[in-house]
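Structural overview for review
The lines below spell out each chain.
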Amino acid sequence: LEKVLSKEALESFNTNYKFYRSHNVPDDIARKISALEFMPAVYQITYVSHDSKIELLAIAKIYFNLGIRMHFRYLNLKVADLNPDSYWDKLSIKSFVNNLFDQQMRITSEVIANLTNKVNIDNANDAVIEWIESNKKQIQRYDELISDIQSHQYPDFSMLNVAGNRVKEIATIT
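Fair warning: this is a prediction, and the values are worked out from it, not measured in the lab.

**Details of the packing of aromatic side chains**
Scanning the entire structure with this criterion turns up 7 aromatic pairs. Look at Tyr-43 and Tyr-47: their rings are 5.9 Å apart centre to centre, the planes differ by 35°, and that puts the pair in the tilted class. Within this pair, Tyr-43 and its partner Tyr-47 are both found in helix α3 (residues 40-50), separated by 4 residues, close to a single helical turn. Its relative accessible area of 54% is what places Tyr-43 among the exposed residues. Seen in terms of ring centroids, Tyr-63 and Phe-64 are 5.4 Å apart; in terms of plane orientation they differ by 90°. Their pairing is edge-to-face. Accessibility classification places Tyr-63 together with Phe-64 in one group, the buried group. Site record: aromatic cluster; members linked through ring pairs are Phe-38, Tyr-63 and Phe-64. The cationic tip of Arg-31 hangs over the ring face of Tyr-17; the distance from NZ or CZ to the ring centre is 4.7 Å.

Shown next, in the form of structure tokens:
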């Protein structure tokens with residue numbers, strides 16, 4: 001897991017790991033608990049790998065790097081900070097998170113489908129950069145939206161949802 005996580009995700013993993021170790025949780029259990037944050041990605045990565053000849057670790061590296069580059073982690077963290085008032089608010093948030101995972105999987109598949117070079121774990125981020133470049137116009141609009149959202153200390157769900165919809169647009173046109 002530590003080989004494929006992005007820098008930010010690895011920092012989160014290490015922070016959690018150190019927390020559990022500081023509370024005398026045995027090493028192997030602390031690692032497993034710290035990895036739970038990333039378990040929802042396992043299904044998506046495995047699903048993408050079924051139709052690919054690319055090594056699983058390279059796919060995982062693309063998946064996690066894409067998530068950071070597209071600010072999926074940021075969006076997930078911000079939506080987790082929300083305090084839903086009703087059942088429908090909770091359902092909307094859950095739907096948003098599930099949809100974001102689905103779009104990350106879809107875009108990861110697209111990145112892999114459009115590879116022009118052989119990819120392994122060492123050059124997996126190059127595949128993400130190549131995909132970003134080939135979708136520059138849409139990504140630039142998306143980045144501007146994310147910058148606007150990040151300028152607010154406490155973005156609300158409607159702002160995050162607009163970003164989620166923009167991700168869907170990007171995933172659909174690629």
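**A word on the layout of surface pockets**
Space inside the largest pocket adds up to approximately 390 Å³. Lining the largest pocket are 19 residues, with Glu-37, Phe-38, Arg-73, Asn-76 and Phe-101 positioned closest to its centre. Among the elements of the structure, α3, α4 (56-69), α5 (72-80) and α6 (87-113) are those that each provide at least two residues to the lining of the largest pocket. When residues of the lining of the largest pocket are assigned to their parent elements, the largest contribution, 6 residues, is made by α5. When the residues that make up the lining of the largest pocket are grouped by side-chain class, the tally is 13 nonpolar, 4 polar and 2 charged. Reported here for the second largest pocket is a volume of approximately 170 Å³. Leu-1, Val-4, Phe-38, Met-39, Val-42, Ile-45, Thr-46, Leu-56, Leu-57, Ala-60 and Phe-64 are the residues that line the second largest pocket. Those elements that provide at least two residues to the lining of the second largest pocket are α3 and α4. Ranked by residues supplied to the lining of the second largest pocket, first place goes to α4 with 4 residues. Of the residues assigned to the lining of the second largest pocket, the class counts are 10 nonpolar, 1 polar and no charged.

**A few points about the nonpolar core**
By size, the foremost hydrophobic cluster in this structure holds 49 residues, and its most contacted members are Ile-62, Phe-64, Met-70, Leu-75, Ile-107, Trp-131 and Tyr-142. Within the residue set of this core, elements represented by two or more residues are α1 (7-22), α3, α4, α5, α6, α7 (124-134), α8 (136-150) and α9 (157-173). If one sorts the elements of this core by residue count, α6 sits on top with 8 residues. Setting aside residues up to four positions removed in sequence, Tyr-142 forms contacts with Met-70, His-71, Phe-72, Leu-75, Ala-163, Arg-166, Val-167 and Ile-170.

**Thoughts on the packing of α6 against α7**
α7 packs onto α6 with a crossing angle of 95° between their chain directions and a minimal axis gap of 9 Å. In terms of axis orientation, α6 runs roughly perpendicular to α7. For the pair formed by α6 and α7, the contact residues are Ile-107, Glu-110 and Val-111 on the first element and Ala-127, Val-128 and Trp-131 on the second. Residues that form the contact of α6 with α7 fall into these classes: 5 nonpolar, no polar and 1 charged.

**Quick word on the packing of α4 against α6**
Put simply, α4 and α6 touch, their axes get as near as 10 Å, and they point 125° apart. As judged from the angle between their axes, α4 and α6 are oblique. For the element pair α4 and α6, the recorded crossing hand is right-handed. Only Phe-101, Gln-104, Met-105, Ile-107, Thr-108, Val-111 and Ile-112 of α6 make contact with α4, whose side of the interface consists of Ile-59, Ile-62, Tyr-63, Phe-64, Leu-66 and Gly-67. Across the contact of α4 with α6, the residue classes break down as 10 nonpolar, 3 polar and no charged.

What counts and what doesn't
- Residues numbered from 1 in each chain as written.
- Predicted model: local features only at pLDDT ≥ 70, side-chain atom pairs only at ≥ 80, totals over all residues.
- Heavy atoms only, no water.
- Phe/Tyr/Trp six-rings, centres within 6.5 Å; stacked < 30°, edge-to-face > 60°.
- Helix = DSSP H or I, 4+ residues; strand = E, 2+ residues; numbered from the N terminus.
- Buried < 20%, exposed > 50% of the residue type's maximum accessible area, 1.4 Å probe, protein only.
- Lys NZ or Arg CZ within 6 Å of the ring centre and 35° of its normal.
- 1 Å grid on protein atoms, 1.4 Å probe; cavity = no way out; pocket = protein on both sides within 12 Å on 5 of 7 lines; lining within 4 Å.
- Points joined across faces, edges and corners; volume = space filled by probe spheres on them.
- Nonpolar A, V, L, I, M, F, W, Y, C, P; charged D, E, K, R; others polar.
- Core = buried A, V, L, I, M, F, W, Y, C linked by side-chain atoms within 4.5 Å.
- Contact = heavy atoms within 4.5 Å.
- Axes fitted to C-alpha atoms, helices over the stretch in contact; angles between N-to-C directions.
- Parallel < 35°, antiparallel > 145°, perpendicular 65-115°, else oblique.
- Left-handed = near helix turned anticlockwise from the far one by under 90°.

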